[in-house]
Amino acid sequence: MKPKSLPKLAIASASALLFAVAAIPSQAADLTITVKNLRSQNGMLMLALFNSTDSFLKPEKQFGAQMLQASQQPGVFVFKNLPAGRYAVSVFQDENGNGKMDSNMLGIPTERYGFSNNATGTMGPPSFEQAAFSLSDSRELNIDLR
Amino acid sequence: MQRRNFLRLAGAGVLTPLFSQLALASQQASDTWAAEFANAQAASPWIAAYRSANRDLAADAEISGRFPAAVQGVLYRNGPAVHQLGDQRYHHWFDGDGMMQRFAIGDNKVRHIGKIIRTDKYQAEAAAGKRLFTAFGTTFPGALAPTSPDSLNVANTSVLALNGELLALWEGGSAYRLDPDTLQTRGPKVWRDDLAAVPFSAHPRVDTDGTVWNFGISMPDDVMVLYQIGADGNLRKAEALKIPQIAMVHDFAVTDKHLVFLLPPLIFDRDKFKHGSSFLDAHIWRPQLGMRVLVVDKHDWSKRQWLELPAGFLFHVGNAWEDAQGVIHIDYIHTDQPSILFQDTRDVMRGQFSRSALHHIARVSIDTAKGKASQELLPIDSEFPRIDPRLTGQRHQHLYHATETQADRPGFSAVARTNIESGKTDKYSYGAGQIAEEHIFVPEPGSAAGAAGWIVGTSFDLQKKITRLSCFASDRLADGPVAQASLPYALPLGLHGNFVKA
């Protein structure tokens, strides 16, 4: 990256932030998610937030996403000023930092993951409803990776 | 981009695969097994062999006789040990968390240590002070959904020493790495990144050149994974084969040219699993499938041949070899059906005895040119068959095995050498008050493959409630042990072991 592109990026981010702030509806709440039971201090915690059945676990439709160093434990994610509504969270520990959740040749995840409500699915991930929670006032959630 | 990858995987249903079914498999209303077992102790001395061992052990043994120089080294043995945690007693002998036993033999002294294998599952449950996951044959209310086969991994079946590393083996998941001296658990063995938590069975076969062959089966996926590992401990090759109606397979054999599998018609029913059966109880017996025989070219796994034998069940294979005409000879321990797995090895856990099947040696001929397999049964009680390891894949005459059953208790009371060509058996009986466990052949250094050597193995003294290690001359079993080492305590009845020369 050329040095002179840095300010541009900064400006872009700043205006995106301004836009986001301007877009908050009147009832907004903060969501704090504490992620525990990591296997190690390696890599990153990758967390995604969804707000509907239709968008759940669809990368192009996620409502928000954050990542944190796994060396900071527990991992505490904060989403500020979220509109009231129903949400679900998925998170995994990208332990080897290869940018994806690894699975073995049988398709079984080999990195730890979790969902809000500590939901577990049947024959696959949980449904949005299993993982969903209501947000009207600020609240805190705990997820234990499995 | 990173998140996208994760979500794509998740959306594709890769997360929490079939094993999450086990979460539903917990409809047990009340559980009286621990109480039943405790109540049975007074009446039946054999019960002591199935007690839960929840602590590590260490002691010097009391020696009688003299251990020959050939057996200076370490006998490792593995087996289920933690049968109960909190109030929850497991419902199957094979469920217990593994304990590795290490008998160090040297200078006519035997030092024993036994350590519970600290699998991820054991550590989580020990920290919680109670069972968290369903096991192979046990379900209970409120169990967590396992996230992979290793969520159930108790590493309790066998042991392989490989290039300075000790592997505690199970059937349904990873091998566990242990320190060969201290038995400290180092963690799951990952042969290759995409093989993490992929089943690695408990009976790898070690070729005479040191190459280790093994397989692993994922019942829900109808997949058999084959492994070829060098004597240096490095993976040479691994591949997943799709096998329709894959069966529960515990053991196999290798010849010079082939890997040989016997598939008893015990197959997996996804619907039963979905509706709450334990992993074991999701298996169904389909005798109409016969015993399928799969012969795989060692060096080209795409070259495979299927043959058929009459329906029957087995855990253990002795050995296999090929004659000049290309006919494969293989022997195994045969029962008519799998009731031992569903009844006998379950009943013992609540202090009940049943012997629902006869275990006899089967000799099989597999004529790959004609596509025909046939077998004959030798009516000799047997289990835990072993051979001179130098004859793996070569013609062998002798099987060393446990034998002699008692009318009122499980297990065997004698160790035998059977000549499978003549059917002649030589044995040593420990007596009705003792349970003979697996015994292992240890060669006399410098002798030819197949020549007489030594037999080492353990027995459980039901009166004194101690475990003994005995050593015999392999060709003079009836003379009794040349040396014995008596521990000051009993070890829970174990499964398989291996000897490592000093």
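Residues numbered from 1 in each chain as written. Chains lettered and ligands numbered in written order. Predicted model: local features only at pLDDT ≥ 70, side-chain atom pairs only at ≥ 80, totals over all residues.

Caption draft 1: Layout of the overall build of chain B. Within chain B, the secondary structure is distributed over five helices and 34 strands. Taking 502 residues into account, the globule formula puts the C-alpha radius of gyration at 23 Å, and chain B, at 22 Å, falls close to it. Expressed as lengths along the three principal axes of its C-alpha atoms, the size of chain B is roughly 65 × 55 × 40 Å. Within chain B, buried positions represent 53% of all 502 residues. Within chain B, counting contacts between residues at least 6 apart in sequence, those at least 24 apart form 59% of the total. (Helix = DSSP H or I, 4+ residues; strand = E, 2+ residues; numbered from the N terminus. Rg over C-alpha atoms; globule rule 2.2 N^0.38 Å. Buried ≥ 20, exposed ≤ 12 C-beta atoms within 10 Å, placed from the backbone. Contact = placed C-beta atoms within 7 Å.)

Caption draft 2: Looking closely at the nonpolar core. Counting residues in hydrophobic clusters, the biggest one holds 141 residues, and the most contacted among them are B:Ala168 and B:Val456. Excluding residues within four positions of it along the chain, B:Val456 makes contact with B:Val71, B:Leu75, B:His439, B:Ile440, B:Val442, B:Leu469, B:Cys471 and B:Phe499. One finds A:Leu31, A:Phe50, A:Phe56 and A:Tyr113 within the second-largest nonpolar core, a separate group that totals 30 residues. (Core = buried A, V, L, I, M, F, W, Y, C linked by C-beta atoms within 7 Å.)

Caption draft 3: Inspection of the confidence of the model for chain A at higher detail. Averaged over all residues, the pLDDT of chain A equals 84, while 79% of them reach at least 70. The model gives residues 1–23 of chain A a pLDDT under 50, and that stretch makes zero contacts with residues more than four places away or in other chains. (pLDDT = per-residue confidence, 0-100.)

Caption draft 4: Spotlight on the environment of B:Leu280. Among the structural elements, B:Leu280 can be located in the loop between helix H4 (270–274) and strand E19 (283–285). Setting aside chain neighbours within four positions, we find B:Leu280 in contact with B:His92, B:Phe136 and B:Gly137.

Caption draft 5: Seen up close, the sheet that holds strand E24 (residues 360–367) of chain B. All names here are of chain B. Spatially, E22-E23-E24-E25 is the arrangement adopted by the four strands of the open sheet, whose pairing is antiparallel. Of all strands in the sheet, those with a lone pairing partner are strand E22 (313–322) and strand E25 (372–381), marking the two edges. Averaged over neighbouring strand pairs, the angle between their axes works out to 20 degrees when direction is ignored. Here strand E23 (residues 327–335) runs beside E24; their pairing, made up of eight bridges, is antiparallel. Counterpart to isoleucine 328 in the pairing with E24 is isoleucine 366. (Pairing = 2+ DSSP bridges. Axes fitted to C-alpha atoms, helices over the stretch in contact; angles between N-to-C directions.)

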